[in-house]
Amino acid sequence: MTSDLASDPKSRRSWLNRILPRGRKGVIALGILLSLSLLVVATDALLERPLRTWAEKTMNARLQGYTVKITRINLHLWRLAMEVNGLTVVQNSHPESPVADIGALKFTVLWGQLLHLKVAGDLTIVRPNLHINLTQLQEEARSDVSLKDRGWQDAVEAIYPLKLDEVKVTDGALLYLSAVPSAKPIRLTKLYLTAHDVRNIRSAKGTFPSPVHVEAVVFDTGKLWFDGAADFLAKPNAAIKGEAKIDQVPLDRLDPLTKSVQLRTKGGVLSAHGSVEYTSQSTTAILKDVLLEGWQADYVTSAATKKAERERGKAVAKAAKRVKNSPRTLLRIDRFRITRSDLGFVNQASAPPYRLFISNLDLEMGNLSNQVTEGAAKFEAKGAFMGSGRTHAYGGFRPDDKGADFDVHMTMENAQLTSLNDLLRSQAKFDVSEGVFSLFAEITVKDQWMTGYIKPLIRNVKVYDKHKDQDKRFFSRVYERMIQGLAHFLRNRSRREVATIVRISGRVSDPHTSNFQVILGLLRNGFIDAILPGFLEPSKGRPKQEPRPPVTPAPKAGTPAHVKDKSG
C-alpha cells in the first residue's frame, strides 16, 4: 500500500486530507499546552523578584526584634507550590551574625483535600541551621517579649495563608557558639521532625490529635528521640505530650555553661528516658530513669563569687518554692543514678585553698518529686572520701512547705589524715604527717529544727615531724608540738584514738553545739571509756549496729514505673 501511495500523488494527497483534520487538532492542542506552560514558567520567573520583595516585607512586618532576608522564591503555579530559598534571620540588636539560615521553606497544596472542598497545605523546612551565641541569648533574656511571642507563626502564615496539615524538618542543626575559643561546640545535628494533622481536622477538641516525632544527634555522639502528640490549636498556647529519651550524651560540651554557675566539670555521659505533658493548665514531667556516668565536677567558691552565690541561692530557693507542691506542676524522677564519678568542693577564699572530694562515687536516689503526696525520696551513696576514706551514706527527704525535711546517716572510715592538710592549715593553722580519720554522723531536719550528732575519731595521729617541719617558723613548731602533746594526752590507751561526740540541736538557721560536751567526750574517751566506731543507740551514747540501708529497686517489667512505696 505504501508503494502505491508513493507512486500515485493523487492518492497521497487524498490520504493526507483524511488524517490532517485530526492532526491539526492535536497540533493545536499541543501548541496551546506548550504556550500555557511557557506562560506559567514566564509568570513564575517574572513574579520571582516582586514576590520575594513582598514576602520579606510581609514577614518582617509581623516579626518583633528580628529581620528576615530571602535569596529567592520559586513559584510553581502549575502545582500550586512555592519554595522560599536562602532565608536568613538576624537579631536587630546584634545584626553582625545571623541567628538562623534555612535552606528552603517548601509549601505544597494537598490535592486530596481539594476534592473535599478543603484547602490545606504541607510545609517542609530544609536544613534549618540556628547559630546562637551568649550575647544573643542575653539580649533575649533582657527583652520584655518572650521568644514564642515574636510572631514567627504569623510571619509564615502571612506568605502562605493556607492552613498547614503536615510540617517536616529535615537535616536541621542547632549550634551554640561559646565565648571560649578552645571549648568544644555545643550542637544538635541531624534533626528530623514530623508533625501530622497540625490543623486538627480529624480530631475532637481537648485531645492531642497531631502525632509528633523528633530525632537528633546531641553533641556529635548522643541520641535524642521524642514520640508523642500535640494540640497545636490549643489556647492560649499549644499543648504536647509523649515519651522522650536521650542516650549517651557527652557532658564535656557543657563546660562553658557550667562555669557560669561555678561548676568545673570534666567528662560524663548522660542517659535518661521518661514522659512529659505540657498544657496551659498543667505541666507533668516524669523521668523513669536517669543515669550519669564518669562525671567529674567541682563546685568552686571564692571571695569574688560570694555575692553571686547569695543571689543564685535566693533565685534557686524562689524557684523551688514556686514549684513545691504546686497543683499545676508534677515533677518526678523515679530513679536517679550517678556512677563512677568524682564530686568535690573547692574553697579558693581560704589561705591556703583546699579541696574536699569523694571519688568513685556511686549514688542512687529514688522517688524524687516536688509533691509531698508522692511520699519520701530515698538515697544511698558509696565512695571514697579524699580518695581513701570508705564512705557510706543513706537517708531520705520530703518536700515540705515549712522548709527542709530530711534525715541522713553517714559513715566514713580510715581516710588518710594527711589528705586534709590544706584544710587543717586553713582552719587550724597546723598540718599532720601521719594519721587516720573516721567520722560517723546522724542528722535529722524537720519543721526548721535540726537534731543529731557527729562523732569524729582520729587514730595514730602525728602532728609534728622533725624533718618535715624543720623549715617552719619557731612559733609554728612550738604550736604543733603542743597539738601533738594534747593529742597524745587525750588518746585512748587501748585503741590509740582521739574521739569525741558533737551533739547538734537547734533551729536550722542557728544550730547549737556544746563545747563543754565536746571536751567531756574527749576526756571520757581518753581516760574513762573508749568511744567506739559506729552509730549511737538513742540516749545511751553507745554504738549501735548500722541499720540496713534503703534499696531502690528497678521497676519490674509490666509494672508502671510511677508506682511507689508511700510508707516513707
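Residues numbered from 1 in each chain as written. Predicted model: local features only at pLDDT ≥ 70, side-chain atom pairs only at ≥ 80, totals over all residues. Heavy atoms only, no water.

*Asks:* Help me understand the overall build of the chain, please; the structure alone is not making it clear to me.
*Replies:* A tally of regular secondary structure across the chain gives 10 helices and 23 strands. Taking all 568 residues of the chain together, the buried fraction comes to 38%. In the chain, 58% of the contacts between residues at least 6 apart in sequence involve partners at least 24 apart. Working note: accessible area of the chain is about 33,000 Å², and carbon and sulfur atoms make up 60% of it. (Helix = DSSP H or I, 4+ residues; strand = E, 2+ residues; numbered from the N terminus. Buried < 20%, exposed > 50% of the residue type's maximum accessible area, 1.4 Å probe, protein only. Contact = heavy atoms within 4.5 Å. Areas by Shrake-Rupley, 256 points an atom, 1.4 Å probe, with all protein chains shown as cover.)

*Asks:* Any chance you could explain the nonpolar core here in plain terms?
*Replies:* The nonpolar side chains of soluble globular proteins are, as a tendency, buried together. Among the nonpolar cores identified, the biggest contains 33 residues, and Ile70, Met82, Val84, Leu87, Leu105 and Phe107 are the most heavily contacted of them. When residues no more than four places from it in sequence are discounted, the contact partners of Phe107 are Ala81, Met82, Val84, Asp122, Leu123, Val156, Ile159, Tyr160 and Leu164. (Core = buried A, V, L, I, M, F, W, Y, C linked by side-chain atoms within 4.5 Å.)

*Asks:* Before we go on, may I ask you to explain the layout of surface pockets in this structure?
*Replies:* If a probe the size of a water molecule is rolled over the atoms, the empty space left behind becomes visible. There is about 860 Å³ of room inside the second largest pocket. The wall of the second largest pocket is formed by 29 residues, among which Leu417, Leu424, Phe437, Pro456 and Ile458 lie closest to the centre. Secondary structure elements with two or more residues in the lining of the second largest pocket: β13 (354-369), β16 (406-416), α8 (421-427), β17 (434-446), β18 (449-462), α9 (474-490) and β19 (497-499). Top element by residues in the lining of the second largest pocket is α9. It accounts for 4 residues. Taken together, the residues that form the lining of the second largest pocket break down as 27 nonpolar, 2 polar and no charged. (1 Å grid on protein atoms, 1.4 Å probe; cavity = no way out; pocket = protein on both sides within 12 Å on 5 of 7 lines; lining within 4 Å. Points joined across faces, edges and corners; volume = space filled by probe spheres on them. Nonpolar A, V, L, I, M, F, W, Y, C, P; charged D, E, K, R; others polar.)

*Asks:* Looking at this structure, I do not really get the side chain of Asp407. What am I missing?
*Replies:* For Asp407, the position within the fold is in strand β16. Polar side-chain contacts of Asp407 include one of 3.3 Å to the side chain of His409. (Polar contact = N/O pair within 3.5 Å; in protein donor to acceptor, adjacent residues only side chain to side chain.)

*Asks:* Looking at this structure, I do not really get unusual backbone geometry. What am I missing?
*Replies:* A negative phi angle is the norm for most residues apart from glycine, just as the trans form is the norm for most peptide bonds. The linkage connecting Ala351 with the following residue, Pro352, adopts the cis geometry, with an omega of 0°. Of note, Pro352 is situated in the loop between β12 (329-347) and β13. Residue Phe219 is not a glycine yet carries a positive backbone phi of 55°. When you line up the elements, Phe219 lands in the loop between β7 (210-218) and β8 (222-231). Look at Phe219 and you get buried, because its relative accessible area is 9%.

*Asks:* Quick question: what am I supposed to make of the pattern of salt bridges here?
*Replies:* Two side chains that carry opposite charge are able to pair once their charged atoms sit near each other. The full count for this structure, using the stated rule, is 18 salt bridges. Residues Arg187 and Asp220 are paired through a salt bridge, measuring 2.8 Å at the closest nitrogen-oxygen approach. Of this pair, Arg187 sits in strand β6 (residues 186-195) while Asp220 sits in the loop between β7 and β8; the two residues are 33 residues apart in sequence, bridging distant segments of the chain. For Asp252, the salt bridge identified is with Arg253, shortest N-O distance 3.7 Å. (Salt bridge = Lys/Arg side-chain N within 4 Å of Asp/Glu carboxyl O.)

*Asks:* Can you help me understand the environment of Val269 in this one?
*Replies:* Tracing the backbone shows Val269 in strand β10 (residues 263-278). Between the C-alpha atom of Val269 and that of Leu291, which follows or precedes it by 22 residues, the distance is 8.1 Å. Aside from chain neighbours lying at most four places away, what touches Val269 is Gln248, Val249, Leu291, Leu292 and Glu293.

*Asks:* Which parts of the structure should I look at to understand the packing of aromatic side chains?
*Replies:* Geometrically, a pair of aromatic rings is defined through the distance of the ring centres and the angle of the planes. Counted by the stated rule, this structure contains 1 aromatic pair. A ring pair is formed by Phe379 and Phe397, whose centres lie 6.2 Å apart and whose planes are at 35°; its orientation type is tilted. Here Phe379, found in strand β14 (residues 377-385), pairs with Phe397, found in strand β15 (residues 389-397); they are 18 residues apart in sequence, far enough to count as distant. Given the relative accessible area of 28%, Phe397 is considered partly exposed. A cation over an aromatic ring shows up here: Lys455 above the ring of Phe440, its NZ or CZ 5.6 Å from the ring centre. (Phe/Tyr/Trp six-rings, centres within 6.5 Å; stacked < 30°, edge-to-face > 60°. Lys NZ or Arg CZ within 6 Å of the ring centre and 35° of its normal.)

*Asks:* Looking at this model, I keep getting lost on the confidence of the model for the chain. Mind explaining?
*Replies:* Where the model shows low pLDDT, its predicted coordinates should not be examined in detail. Put simply, the chain has an average pLDDT of 79, and 78% of its residues get 70 or more. This model gives residues 545-568 a pLDDT under 50, and the stretch forms 31 contacts once residues within four places in sequence are excluded. (pLDDT = per-residue confidence, 0-100.)

*Asks:* Is there a simple way to think about the environment of Leu439 in this case?
*Replies:* With respect to the secondary-structure elements, Leu439 resides in strand β17. Separated by 50 residues in sequence, Leu439 and Gly389 place their C-alpha atoms 9.4 Å apart. If we ignore the near neighbours within four places in the chain, the residues touching Leu439 are Met410, Thr411, Met412, Ile454, Lys455 and Pro456.

*Asks:* Even after reading the chapter, I still don't get a nonpolar patch on the surface, so can you show me in this structure?
*Replies:* Where nonpolar side chains cluster on the molecular surface, the patch consists of Phe474, Phe475, Val478 and Met482 and spans about 470 Å² of accessible area. Locating Phe475 in the fold gives a position in helix α9. In this structure Phe475 comes out as exposed when scored by relative accessible area, which is 68%. (Patch = residues over 30% accessible without salt bridge, like charges linked within 9 Å, V, L, I, M, F, W, Y side chains within 5 Å.)

*Asks:* Can you help me understand the pairing of β14 in this one?
*Replies:* Across a regular strand the side chains alternate sides, sitting on one face of the sheet and then on the other. Note: β13 against β14, 7 bridges, orientation antiparallel. Bridged to Asp362 within β14 is Lys382. (Pairing = 2+ DSSP bridges.)

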